[in-house]
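Observations on chain architecture
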Amino acid sequence: MKSRTKLKPLIALLVFALGLALLNNLNKQQLLESDAAQAQLALTAQGESVGGADVLIAEAFRNGRSNVQLGGEGRVARILPDDNNGSRHQRFLLELESGHSLLIAHNIDLAPRVENLREGEQLEFYGEYEWNQKGGVIHWTHHDPKGTHPGGWLKYQGRVYK
């Protein structure tokens, strides 16, 4: 009888965790199925510009969403030192038209470094958004050698880096 009593809180916790996971998945699906997201995905599939995507990024930030494929464009606000721990990443801050800032972490072990990147220049991106308190991070801005994750890219001065 004691073992059943001990299992009840565990089962309740498991049900709660599954409920949260399901709710998060439904919210992410709603964001991805919005008209704006569908239009953006159609453009990125064709390698076209993804300007005007600030609304989706602002919504993902406001709702604390992560693991969402998003794209947009902005001004390079600051070039940061490379992250050389584990896979190497070229890092820089991008300021969107709305004023929202994003950290771009571009894997330079899987994709070429963005050459001659300069502060103040415009850059387009498509990758996976991860929430953080500072505005979020865009990563997966490259192809996936295993083919299990949507490929991303950066576009700078007419050249696409993926």
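1. What to know about the overall build of the chain
For the chain, the helix and strand inventory stands at three helices and seven strands. Mapped from its N terminus to its C terminus, the chain presents α and β elements in the order α-α-α-β-β-β-β-β-β-β. Summing over all exposed atoms, the chain offers an accessible surface of approximately 9800 Å²; the carbon and sulfur share of this is 54%.

2. Examining the nonpolar core
Phe 92, Leu 123, Phe 125 and Leu 154 are the most contacted members of the largest nonpolar core, which has 20 residues in total. At the level of elements, α3 (54-62), β1 (68-83), β2 (89-96), β3 (101-107), β4 (122-130) and β6 (153-156) are the ones that each hand at least two residues to this core.

3. Structural notes on the environment of Trp 131
Relative to the helices and strands, Trp 131 is located in the loop between β4 and β5 (137-139). Of the residues examined, Trp 131 reaches a relative accessible area of 35% and is grouped as partly exposed. With 63 residues separating them in the primary sequence, Trp 131 and Val 68 have C-alpha atoms 9.4 Å apart. With sequence-adjacent residues up to four places away left out, Trp 131 is seen in contact with Ala 60, Phe 61, Gly 64, Arg 65, Ser 66 and Gly 136.

4. Quick notes on the packing of aromatic side chains
Scanning all chains against the criterion turns up two aromatic pairs. Between Phe 61 and Trp 131, the ring centres sit 6.2 Å apart and the planes meet at 25°, which makes this aromatic pair stacked. Of this pair, Phe 61 sits in helix α3 while Trp 131 sits in the loop between β4 and β5, and the two are 70 residues apart along the sequence. With relative accessibility at 26%, the residue Phe 61 sits in the partly exposed group.

5. What to know about α3
Those residues of α3 that fall on the buried side of the exposure criterion are Asp 54, Leu 56, Ile 57 and Ala 60. Considered in projection along α3, the buried side chains sweep an arc of 165° and stay on one side of the axis. Turned more than 90 degrees away from the buried face of α3 sit Val 55 and Arg 62, all of them exposed. Phi turns positive, to about 65°, at Gly 64, one or two residues after α3.

6. Re the environment of Arg 88
When you line up the elements, Arg 88 lands in the loop between β1 and β2. For the pair Arg 88 and His 106, spaced 18 residues apart in sequence, the C-alpha to C-alpha distance is 8.3 Å. Excluding residues within four positions of it along the chain, Arg 88 makes contact with Asp 83, His 106, Asn 107, Ile 108 and Asp 109. Polar contacts involving the side chain of Arg 88 include one to the side chain of Asp 109, which spans 2.7 Å.

Each value, and the rule that gives it
- Residues numbered from 1 in each chain as written.
- Predicted model: local features only at pLDDT ≥ 70, side-chain atom pairs only at ≥ 80, totals over all residues.
- Heavy atoms only, no water.
- Helix = DSSP H or I, 4+ residues; strand = E, 2+ residues; numbered from the N terminus.
- Areas by Shrake-Rupley, 256 points an atom, 1.4 Å probe, with all protein chains shown as cover.
- Core = buried A, V, L, I, M, F, W, Y, C linked by side-chain atoms within 4.5 Å.
- Buried < 20%, exposed > 50% of the residue type's maximum accessible area, 1.4 Å probe, protein only.
- Contact = heavy atoms within 4.5 Å.
- Phe/Tyr/Trp six-rings, centres within 6.5 Å; stacked < 30°, edge-to-face > 60°.
- Arc of directions from axis to C-beta.
- Polar contact = N/O pair within 3.5 Å; in protein donor to acceptor, adjacent residues only side chain to side chain.

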